[in-house]
Amino acid sequence: MSGLVLKLGPHERVLINGAVVENGDKRSRLAIMTPNANILRLRDAIHPQEANTPVKRVCYVAQLVLTGDATADDTRQQLLRGIEQLSQVLTDHDSRTMLNMATKAVLDDQHYQVLKALRALLPREERLFAAAASREGGEP
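Cut-offs applied
- Residues numbered from 1 in each chain as written.
- Predicted model: local features only at pLDDT ≥ 70, side-chain atom pairs only at ≥ 80, totals over all residues.
- Heavy atoms only, no water.
- Helix = DSSP H or I, 4+ residues; strand = E, 2+ residues; numbered from the N terminus.
- Buried < 20%, exposed > 50% of the residue type's maximum accessible area, 1.4 Å probe, protein only.
- Contact = heavy atoms within 4.5 Å.
- Areas by Shrake-Rupley, 256 points an atom, 1.4 Å probe, with all protein chains shown as cover.
- Core = buried A, V, L, I, M, F, W, Y, C linked by side-chain atoms within 4.5 Å.
- Expected span 1.5 Å × (residues − 1).
- Polar contact = N/O pair within 3.5 Å; in protein donor to acceptor, adjacent residues only side chain to side chain.

### Side note on the overall build of the chain
- Tallying secondary structure elements over the chain gives 5 helices and 5 strands in all.
- Along the chain, helices and strands appear, N-terminal first, in the series β-β-β-β-β-α-α-α-α-α.
- Summarising its shape, the C-alpha atoms of the chain cover approximately 55 × 35 × 30 Å along the three principal directions.
- A total of 140 residues make up the chain; the buried ones form 39% of that total.
- Taking as baseline every contact in the chain between residues at least 6 positions apart, the subset at least 24 positions apart corresponds to 55%.
- As displayed, the chain offers around 8,400 Å² of accessible surface, 51% of which is attributable to carbon and sulfur atoms.

Structural data, given as structure tokens:
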């Protein structure tokens, strides 16, 4: 994760290698120079009860590595299986690009990048669920 730049808003919190860091009153930028540092913006954190969709469940597994609650070795197969299952449903070009990025990041043990790629799929997943719900609700 060498060279990662975090842009933090006022009072934004971030978890860095298990320590919660809170920004001050002004916007700031942090350059994370330590390779393989575990970083999680707390505003992006998914709570266990919120991991209630396929994409959120895979994001949550990646997040467990960033919070130190699981190891990369323990989650690798679960993440790869989850990404493969998502690729069976999310077949458009943009989704495939994000899923390919997530797969590469899993293989490179770059879990912040895994989470970043998968989070980009959340709006698409939400639209798919909304469309399915409207079809179900619109039928007699």
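Now that the structure has been shown, we can carry on.
### Details of the nonpolar core
- Residues Leu-6, Ile-39 and Leu-118 are the most contacted members of the largest nonpolar core, which totals 34 residues.
- Mapped onto this core, the elements with two or more residues apiece are β1 (4-8), β2 (13-16), β5 (39-41), α1 (54-67), α2 (72-89), α3 (93-107) and α4 (111-119).
- The element contributing the most residues to this core is α1, with 6 residues.

### Looking at α2
- Relative to the 26 Å expected for 18 residues at 1.5 Å per residue, α2 spans 25 Å between its end C-alpha atoms, a close match to the ideal helical length.
- Among the residues of α2, those classed as buried are Ala-72, Thr-75, Arg-76, Leu-79, Gly-82, Ile-83, Leu-86 and Ser-87.
- The secondary structure elements touched by the buried residues of α2 are α1, α3 and α4.

### Some remarks on α1
- The terminal C-alpha atoms of α1, which comprises 14 residues, lie 20 Å apart, in line with the 20 Å expected from a rise of 1.5 Å per residue.
- For α1, the set of buried residues is Val-55, Val-58, Cys-59, Val-61, Ala-62, Gln-63, Leu-64, Val-65 and Leu-66.
- Downstream of α1 by one or two residues, Gly-68 has phi in the positive range, about 85°.

### With respect to the environment of Asn-23
- Tracing the backbone through its elements, the reader meets Asn-23 in the loop between β3 (19-22) and β4 (28-32).
- Its relative accessible area of 12% is what places Asn-23 among the buried residues.
- Each C-alpha atom of the pair Asn-23 and Gly-9 lies 7.2 Å from the other, and the pair is 14 residues apart in sequence.
- Here Asn-23 is in contact with Leu-8, Gly-9, Pro-10, His-11, Glu-12 and Ser-28, once residues within four sequence places are set aside.
- Here the side chain of Asn-23 touches Gly-9 through a polar contact of 2.8 Å, landing on its backbone oxygen.

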